[in-house]
Amino acid sequence: MKRFAKVYIEISNICNLKCSFCPGTTRKPKRMNIDEFKTVLNKIKDYTDYIYFHLLGEPLCHPDLEAFLSLAEEMNFKVIITTNGTLIEKCKDILLKSNSHYKTVISLHSFEANDNKISFEKYLDDCFSYAKSAENKKIVVLRLWNNGGKDSMNDEILNVLENYFEKPWVEERNGIRIGEKIYIQFGDKFDWPTLENDSINENVFCYGLRDQIGILADGTVVPCCLDSNGDINLGNIFEKDMKEIINSQKAQNIYNGFSNRIACEELCKRCSFVRKF
């Protein structure tokens with residue numbers, strides 16, 4: 001049976017920020033309810049051990065976050081949460097006590113990409129204090145994926161970070177380790193694929209449908225975490241089983257196409273991220 005290294009579950013496409021680097025979505029605002037989330041877990045339980053509360057939206061905004069983490073624990077999933085960090089203090093206890101919550105990814109580059117009501121000092125203290133509390137308990141990745149974008153505050157962020165995690169820091173495969181299970185990662189700003197982008201017209205490869213698959217808040221299954229509008233609709237998880245979806249002709253065409261370094265779908269032809277592989 002096909003297994004994925006990760007399944008992205010968009011528990012909500014609603015966000016409390018409007019980052020300049022994020023495309024947003026034309027889809028209707030939607031949160032999964034508890035019954036829908038249970039359905040998703042039951043249908044993917046044989047296909048992965050790791051679920052990511054991520055595609056679009058801010059997962060810490062979801063009112064049933066604690067219940068979702070408990071359901072994931074009951075079914076032995078490990079949960080990775082990607083957040084902009086603005087609600088990390090509010091959800092700190094929920095995240096730290098959860099046995100299913102495995103890793104938190106905090107996009108520090110979100111701050112500069114917004115007109116924030118929260119102060120810079122408060123934002124960093126919330127994020128770094130959480131990381132300090134999680135040290136040696138959970139994996140925490142602090143991201144600055146803004147090289148070539150809005151990155152003028154990066155040096156100041158790193159200076160403040162030293163007050164919480166003293167140097168020396170150690171470069172490792174997963175980033176720069178600044179504490180036990182605590183990392184900081186740097187990356188280039190990238191453009192999300194849209195159907196309005198120019199076609200790349202070159203040999204490309206993608207791990208979509210190989211090591212990952214995504215499920216949007218309305219149940220639409222997509223091949224990867226960058227399909228923000230569900231342009232590549234493989235079927236709906238609330239209506240079909242995962243086996244039927246991943247064995248569909250459309251999914252097989254995508255998989256086999258990338259095996260030959262050919263993008264079959266229009267969105268894939270316009271995705272610059274595939275150049276990384």
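Residues numbered from 1 in each chain as written. Predicted model: local features only at pLDDT ≥ 70, side-chain atom pairs only at ≥ 80, totals over all residues. Heavy atoms only, no water.

Draft legend 1. Geometry of the nonpolar core. Membership of the largest hydrophobic core comes to 68 residues, with the highest contact counts inside it found for Ile9, Phe37, Ile44, Ile51 and Phe53. For this core, the leading source of residues is helix α4 (residues 120-134), giving eight residues. With residues near it in sequence (within four places) discarded, Ile44 still touches Val7, Ile9, Ile51, Phe77, Ile215 and Met242. With 17 residues, the next largest nonpolar core counts Tyr8, Tyr52, Leu216 and Cys225 among its residues. (Core = buried A, V, L, I, M, F, W, Y, C linked by side-chain atoms within 4.5 Å. Buried < 20%, exposed > 50% of the residue type's maximum accessible area, 1.4 Å probe, protein only. Helix = DSSP H or I, 4+ residues; strand = E, 2+ residues; numbered from the N terminus. Contact = heavy atoms within 4.5 Å.)

Draft legend 2. Looking closely at the pairing of strand β5 (residues 139-147). With seven of nine residues buried, β5 lies mostly within the body of the structure. With five bridges connecting them, strand β4 (residues 101-107) and β5 associate as parallel partners. For Ile106, the partnering residue across the bridge sits in β5 and is Leu142. With respect to chirality, the unit in which β4 leads through α4 into the neighbouring parallel β5 is right-handed. In this structure, β5 lies alongside strand β8 (residues 182-188), joined through six bridges in parallel fashion. Its bridge partner being in β8, Arg143 is matched across the sheet by Gln185. (Pairing = 2+ DSSP bridges. Right-handed = clockwise from strand over helix to strand, strands pointing away.)

Draft legend 3. Representation of unusual backbone geometry in the model. The omega torsion across Lys167 and Pro168 is 15°, close enough to zero to call that bond cis. Residue placement: Pro168 occurs in the loop between α5 (154-161) and β6 (170-172). The backbone of Lys181 shows a phi angle near 70°, a positive value even though the residue is not glycine. Mapped onto the fold, Lys181 is located in the loop between β7 (175-179) and β8.

Draft legend 4. Summary view of helix α1 (residues 34-44). Residues Glu36, Phe37, Val40, Leu41, Lys43 and Ile44 constitute the buried set of α1. Along its buried surface, α1 packs onto β1 (6-9), β2 (50-53), α2 (65-74), β9 (212-215) and α6 (242-246). A distance of 3.1 Å separates the backbone nitrogen of Asp35 from a side-chain oxygen at the start of α1, and that oxygen is part of Asn33. (Polar contact = N/O pair within 3.5 Å; in protein donor to acceptor, adjacent residues only side chain to side chain.)

Draft legend 5. Spotlight on the layout of surface pockets. Considered as a void within the structure, the second largest pocket measures approximately 170 Å³ in volume. Within the residue set of the lining of the second largest pocket, elements represented by two or more residues are α6 and α7 (249-259). In terms of residue count, α7 provides more of the lining of the second largest pocket than any other element does, three residues in total. A class-by-class count of the residues in the lining of the second largest pocket yields seven nonpolar, two polar and two charged. (1 Å grid on protein atoms, 1.4 Å probe; cavity = no way out; pocket = protein on both sides within 12 Å on 5 of 7 lines; lining within 4 Å. Points joined across faces, edges and corners; volume = space filled by probe spheres on them. Nonpolar A, V, L, I, M, F, W, Y, C, P; charged D, E, K, R; others polar.)

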